[in-house]
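# Understanding the architecture of this molecule
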Amino acid sequence: MSIIAGSVGFSYCTPHRSSDVVHPFRHAFDGFKHDHYREWNDHTITLSYWHRIISPESVSDMQPIDAHDLVLVADLRLDNRAALLGQLNGISDRSPDSEFVLAAYKKWGEDCVNYMLGGFAIAIWNKQTETLFCARDQVGNKPLYYADVHHATERTFIFCTSPTGILNHPKSSKDIDPEGVFNILMGNVCNEETATLFSGVKRLAAGFCLKVNKQGIKLWRYWEPKPGNPVRFANDNDYVDGFNEKLEQAIQACINTELPVSSFLSGGLDSSTVSCMAHKLLRCSDKRLITSSFVLPENEDGVDERPFIDEILQDNDFEHFYVTRENVSFRDCLTESFDKYGGFPYNSHVFLAKLLPNLHQRNVGVHLCGYGGDQVASYHSQWVLEQLLLEGRWATLWKQVNSIRRGNLGGAAKLLLRTLRNVAKMAMPSRRHWNQNWYANKVAQKMISPALANRPGYREKTLFAPSFDVQPFPRKATDIMKRFVQYDKTSVRLEELNSVFLPYGIEYRTPLLDTRLIEYCMSVPPEQLYLQRKRSLMRRATKGLIPENIRNGHNKHLGSLPNRFLSLWEEKQKLIDDLKNCSKMAEVSSLLDISGLEKHLAKSHVDENIKPKIYRNMELALYIAWFKNHFREADA
């Protein structure tokens, strides 16, 4: 794993550079656990590279690579090295991933991304054409941000795998973007993939390439989730074998490290499958998986996952430990994140604050998670029946309904009526378009101040112009999968988690979002995802791998993360004092409803559905205050 950063000046060429931009990134990531730092400079260009050795192939990775006309810097994890080896010249099975990418670029040019699988954020400078080419992997495992800064006599393009690098560049803006605050508070309602919290800082969306030169910037999408060639077998068991092959391939790629491997374990289908399969594969190399679980502190109400977790532990000799919320202060956690992460991410990771030091002590290099499985690999089967109805596959539809209800005609009739209702609903216009009160209600639900919500263009953009044109009611099961991967801020969530693990030198990996597994699940007949029960394909594939109670389903309907919102009320007087200080800062009070937050915190009881909004607003208020003070001090 690596951090990459770069600064390219497209000003009227002069051989002289001012001293403040000679090494603009050198000390930006001193807190990142890395094995070496290198940089490459040429006139108005700087490329920087911080490297942490994770995989065996990365031992010899000495970037930036200067190869005649091309200079490459990249954060890489290639999962299809064997397939590329036979197609590329000048590399061997011992070559680092960076040499594979450089050889691929020399052979295929900008189309090289179509041949690469895994996690990557790459930047290649072409000396001859004076063009910078950047790309991000298909689902967003690796983040990449950029800023295009214009001044009267010059233009500077800055990129980095963390906003921290860009914000610490002397030429970047140090302002908070009001629209970024709005997008964060609106959540998935606002499908904005490129905007960030910081003015002028954009994220390169997952599956996108970027090319920048003196003429400007060009962006294009090179990948989107879609079915490959249809997968059709005569026997249902063959679909299971195909799924298992892709699943094992994905997890094997994710545990490619000489360092210890850890995994989240919640006792649900996805995390249990990832953990048990990873442990099985690691055992082939005499290694043992480290697992961790977030559970309720004693005497705290909530859904307790411990019985399901204990059932997994009985069958596997994981090195396991539990993490609770006890003795974790919201304010201290947020302050620590400011110091450790240089201001990004802005979230207060209450549980991760206790988990990550523990993993760090164990020298963990890779942490696995079952994130995304429910929407893709262990698909929850939404719109399978509707798709069969729309395709006119009546016999298959009836077989599915009858097997689900086990011959109960009343239950089958209700299920068919629900399916018909959903199809009829699909033909109706989106609620956000025809309901005049939709925007006002949604803004109120999210606790967004009217001053922010009523800024010109915000309402229109939310109602009519999301970043991608998404149908309000998908027509197929594959549309649900595509919507999750491409539209539901999946890549934003991945980059947040990537950034949280980064300072500890731990790479966060999600095997269930492997593109080969995604395309396979999108290519099988939809009924394979719903044979007799939901999430059928993974349930059949994991027979003998995980306990039957978990494989066949249990009553774990809700996430059982302990109540992190309790810490707000445990220290609410201090937080109210913090808000009073925030109200004196125009940069905060103009964006957030500080008085509304104070009123909510002063109450003895608040509805559970309000607490997450209070939490997020508090995070942003304290972060923006810290951010403005931090850069005022830096400028002074």
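One can find the structure itself at the top, above this paragraph.
Before going into details, it helps to say that this report is about the structure given with it. What you are looking at is a predicted structure, and each value in this text was computed from that prediction instead of being measured.

## Some words on the overall build of the chain
- Within the chain, the regular secondary structure consists of 26 helices and 17 strands.
- The C-alpha atoms of the chain give 25 Å as radius of gyration, which agrees with the globular expectation for 636 residues (26 Å, within 12%).
- Referenced to the eigenvectors of the C-alpha coordinate spread, the extents of the chain come out at roughly 80 × 65 × 50 Å.
- Put simply, the chain has 636 residues, and 59% of those count as buried.
- Of the roughly 26,900 Å² of accessible surface on the chain, 48% is carried by carbon and sulfur atoms.

## Some words on unusual backbone geometry
- Here the amide bond leading from Gln-63 into Pro-64 is cis, since omega sits at -5°, within 30 degrees of zero.
- Positive phi, normally seen in glycine, also occurs at Glu-130, with a value near 50°.
- On the secondary structure map, Glu-130 appears in the loop between strand E6 (118-126) and strand E7 (131-136).
- For Glu-130, a relative accessible area of 32% corresponds to the partly exposed category.
- The phi angle at Asn-363 is positive, at roughly 60°, despite the residue not being glycine.

## Some thoughts on the environment of Glu-311
- With respect to the helices and strands, Glu-311 occurs in helix H7 (residues 306-315).
- On a C-alpha basis, the gap between Glu-311 and Gly-267 in space is 8.1 Å, while along the polypeptide they are 44 residues apart.
- Among all residues touching Glu-311, those that are not within four sequence positions of it are Pro-547 and Asn-549.

## Regarding the pattern of salt bridges
- For the structure shown, the criterion picks out 27 salt bridges.
- Residue Lys-211 is joined to Glu-110 by a salt bridge in which the shortest nitrogen-to-oxygen separation is 3.2 Å. Of this pair, Lys-211 sits in strand E11 (residues 208-213) while Glu-110 sits in the loop between helix H2 (97-108) and E6, and the two are 101 residues apart along the sequence.
- Connected via shared salt-bridge partners are Asp-75, Arg-77, Asp-79, Lys-142, Glu-507 and Arg-509.

## Quick notes on the side chain of Ser-262
- Along the chain, Ser-262 turns up in strand E13 (residues 261-264).
- On the basis of relative accessibility, which here comes to 0%, the residue Ser-262 falls in the buried class.
- Within the structure, Ser-262 has its side chain in polar contact with the side chain of His-367 (distance 2.5 Å).
- Setting aside anything within four residues of it in sequence, one finds Ser-262 in contact with Leu-289, Ile-290, Leu-359, Val-364, Val-366, His-367 and Leu-368.

## Some remarks on the packing of aromatic side chains
- Scanning all chains against the criterion turns up 23 aromatic pairs.
- Relative to Phe-157, the ring of Tyr-146 lies with its centre 5.7 Å away and its plane at 20°, an arrangement referred to as stacked. Of this pair, Tyr-146 sits in strand E8 (residues 145-150) while Phe-157 sits in strand E9 (residues 155-160); the two residues are eleven residues apart in sequence, bridging distant segments of the chain.
- Judged by relative accessible area, which is 11%, Tyr-146 ranks as buried.
- Assessed through its relative accessible area of 1%, Phe-157 is described here as buried.
- Between Tyr-346 and Tyr-623, the aromatic rings sit 5.9 Å apart at their centres with planes inclined by 50°, giving tilted as the arrangement. Placement of the pair is Tyr-346 in the loop between helix H8 (330-341) and helix H9 (352-361) and Tyr-623 in helix H26 (residues 611-635), with a sequence separation of 277 residues.
- Looking at Tyr-623, the relative accessible area reads 0%, which means it is buried.
- An aromatic cluster is built from Phe-198, Phe-338, Tyr-346, Tyr-623, Trp-626, Phe-627 and Phe-631, whose rings are joined through pairwise contacts.
- Of note, Arg-306 hangs over the ring of Tyr-322, and the distance from its end group to the ring centre comes to 4.3 Å.

## Topic: the sheet that holds strand E5 (residues 70-78)
- An order of E4-E5-E6-E7-E11-E12 is seen for the six strands of this open sheet, with the pairing classed as antiparallel. The open sheet has two free edges, formed respectively by strand E4 (65-67) and strand E12 (216-221), since each of these has just one partner strand. Neighbouring strand axes in the sheet, compared pairwise and without regard to direction, differ in orientation by 15° on average.
- Where E7 and E11 come together, four bridges link them in antiparallel fashion. Along E11, the bridge assignment pairs Cys-134 with Leu-210.

## Side note on the pairing of E5
- Among the nine residues of E5, nine are classified as buried, and the element is accordingly described as predominantly covered.
- Alternating residues of E5 divide into Leu-70, Leu-72, Ala-74, Leu-76 and Leu-78 and Val-71, Val-73, Asp-75 and Arg-77, and every residue in both groups is buried.
- Where E4 meets E5, three bridges bridge the pair, whose relative direction is antiparallel. Bridging from a neighbouring strand, Ala-67 pairs with Leu-70 of E5.
- Inspection of the sheet shows E5 paired to E6 by nine bridges, in the antiparallel sense. Within the sheet, the bridge partner assigned to Leu-72 lies in E6 and is Ile-124.

## Considering the nonpolar core
- Ranked by internal contacts, the top residues of the largest apolar core, which has 181 residues, are Phe-133, Val-181, Phe-243, Leu-592 and Tyr-623.
- Sort the elements by how many residues they give to this core and H26 lands first, with twelve residues.
- By size, the runner-up hydrophobic cluster in this structure holds 23 residues, among which are Ile-4, Val-8, Ala-123 and Leu-210.

## Considerations on the sheet that holds strand E15 (residues 319-323)
- Strand order in the open sheet made by the five strands is E15-E14-E13-E16-E17, with parallel pairing throughout. What marks the edges here is a single partner per strand, and that holds for E15 and strand E17 (507-509). When strand polarity is set aside, the average angle formed by the axes of neighbouring strands in this sheet is 25°.
- Relative to strand E14 (residues 290-294), E13 is paired through three bridges, and the arrangement is parallel. If you follow Phe-264 over to E14, its bridge partner there is Ser-292.
- Lying on the sheet, helix H6 (residues 269-283) is in contact with E13, E14 and strand E16 (366-368); it crosses E13 at an angle near 160°.
- Against the sheet, H7 touches E14 and E15, its axis set at about 170° to E15.

## Observations regarding a positive patch on the surface
- A contiguous patch of positive charge on the surface is contributed by Arg-405, Lys-414, Arg-418, Arg-421, Lys-425 and Lys-534.
- At four residues, the largest contribution of residues to the positive patch is made by helix H12 (residues 409-426).
- Among the secondary structure elements, Lys-414 is positioned in helix H12.
- Looking at Lys-414, the relative accessible area reads 66%, which means it is exposed.

## What to know about the packing of helix H23 (residues 572-583) against helix H25 (residues 594-602)
- Relative orientation of the contacting elements H23 and H25 amounts to 170°, with a least axis distance of 10 Å. Judged by the angle between their axes, H23 and H25 are roughly antiparallel. As H23 packs across H25, the resulting crossing turns out to be left-handed. Of the residues in H25, those touching H23 at Lys-572, Leu-575, Ile-576, Leu-579, Lys-580, Cys-582 and Ser-583 are Ile-594, Leu-597, Glu-598, Leu-601 and Ala-602.

Here is what the cut-offs are and how they apply
- Residues numbered from 1 in each chain as written.
- Predicted model: local features only at pLDDT ≥ 70, side-chain atom pairs only at ≥ 80, totals over all residues.
- Heavy atoms only, no water.
- Helix = DSSP H or I, 4+ residues; strand = E, 2+ residues; numbered from the N terminus.
- Rg over C-alpha atoms; globule rule 2.2 N^0.38 Å.
- Buried < 20%, exposed > 50% of the residue type's maximum accessible area, 1.4 Å probe, protein only.
- Areas by Shrake-Rupley, 256 points an atom, 1.4 Å probe, with all protein chains shown as cover.
- Contact = heavy atoms within 4.5 Å.
- Salt bridge = Lys/Arg side-chain N within 4 Å of Asp/Glu carboxyl O.
- Polar contact = N/O pair within 3.5 Å; in protein donor to acceptor, adjacent residues only side chain to side chain.
- Phe/Tyr/Trp six-rings, centres within 6.5 Å; stacked < 30°, edge-to-face > 60°.
- Lys NZ or Arg CZ within 6 Å of the ring centre and 35° of its normal.
- Pairing = 2+ DSSP bridges.
- Axes fitted to C-alpha atoms, helices over the stretch in contact; angles between N-to-C directions.
- Core = buried A, V, L, I, M, F, W, Y, C linked by side-chain atoms within 4.5 Å.
- Patch = residues over 30% accessible without salt bridge, like charges linked within 9 Å, V, L, I, M, F, W, Y side chains within 5 Å.
- Lys, Arg positive; Asp, Glu negative; His and termini not counted.
- Charge placed at Lys NZ, Arg CZ, Asp CG, Glu CD.
- Parallel < 35°, antiparallel > 145°, perpendicular 65-115°, else oblique.
- Left-handed = near helix turned anticlockwise from the far one by under 90°.

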